[in-house]
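Read off the chains here:
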Amino acid sequence: MQYGAAAEQAWYMPAAASMVAAAESAVARVERLASESAVVVFSVSSCCMCHAVKRLFCGMGVHPTVHELDLDPRGRELERALARLVGYGGPAAAAPPVVPVVFIGGKLVGAMDRVMAAHINGSLVPLLKEAGALWL
């Protein structure tokens, strides 16, 4: 039986759920994931800027939900959707890195530059409080 390995890998996901997951667009999946927690970071595990933004939040006492795109089977597709949401267009070679992308309270904050700007100008803490990620 050649199909044994494929059947063994799919045992954990009901057929209906896999069809829904396949039908869900990448942008819809990003929006759904972003709305499931107060702070969501889309990241790549080997990215130093992603590490820095995660450390920033942890240092503030915020524990974001992190989606590592390099560990997700649909990660490339999600990365392209994030690039569209952030506004990075054009050829892939000329485009800046997409990650990290941060959502707070289900709303797109943006990439590292926007998060750091919000932190420096003092608008990050009120966003985190409003989303329920900070209590003090």
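Because the structure is predicted, anything quoted here is derived from the model rather than measured.

Enquirer: Describe helix α5 (residues 75-86), listing the residues and the values that go with them.
Expert: The end-to-end C-alpha distance of α5 is 16 Å, a good match for the 16 Å that 12 residues give at a rise of 1.5 Å each. All of the buried residues in α5 are G75, L78, A81, L82 and A83. The inward-facing, buried residues of α5 abut α3 (26-35), β1 (39-43) and β3 (101-104). At the C-terminal side of α5, G87 shows a positive phi close to 100 degrees.

Enquirer: How would you sum up the packing of aromatic side chains? Please name residues and give values.
Expert: Two descriptors summarise a pair of aromatic rings, namely the distance from one centre to the other and the angle between the planes of the rings. With the rule as written, the count across this model stands at one aromatic pair. Between the aromatic rings of F42 and F103, the centroid separation amounts to 5.8 Å while the plane-to-plane angle is 75 degrees, which identifies the pairing as edge-to-face. With F42 in strand β1 and F103 in strand β3, this residue pair connects regions lying 61 residues apart in the sequence. In terms of burial, F42 and F103 fall into one category: buried.

Enquirer: Can you explain the environment of K107? Please cite residues and give values.
Expert: Note that K107 resides in strand β4 (residues 107-110). Overall, K107 belongs to the exposed group, its relative accessible area being 54%. For K107 and V39, which are 68 residues apart along the polypeptide, the C-alpha to C-alpha distance reads 9.3 Å. Leaving out residues up to four positions away in the same chain, K107 has contacts with V102 and E130.

What counts and how
- Within every chain, residues take consecutive numbers counted from 1 along the sequence as written.
- Since the coordinates come from a predicted model, pLDDT governs what is reported: local features require at least 70, and pairs of side-chain atoms require 80 or more to be given and counted, while whole-chain, interface and lining totals use all residues.
- Calculation of side-chain values draws on the structure's entire complement of heavy atoms; hydrogens and water are dropped beforehand.
- By the criteria applied, helices consist of DSSP H or I runs no shorter than four residues and strands consist of E runs no shorter than two, each listed in order from the N terminus.
- Expected helix span is computed as 1.5 Å times (number of residues minus one).
- Only protein chains enter the accessibility calculation, which uses a 1.4 Å probe; a residue is then buried when its area is under 20% of its type maximum, exposed when over 50%, and partly exposed in between.
- Whether two residues are in contact is decided by their heavy atoms: any pair within 4.5 Å suffices.
- Any Phe, Tyr or Trp ring, taking Trp's six-membered ring, that has another such ring centre within 6.5 Å forms a pair; planes under 30 degrees apart are called stacked, those over 60 apart edge-to-face, and the others tilted.

In short, the description is geometric, and any link to function would need to be established separately.
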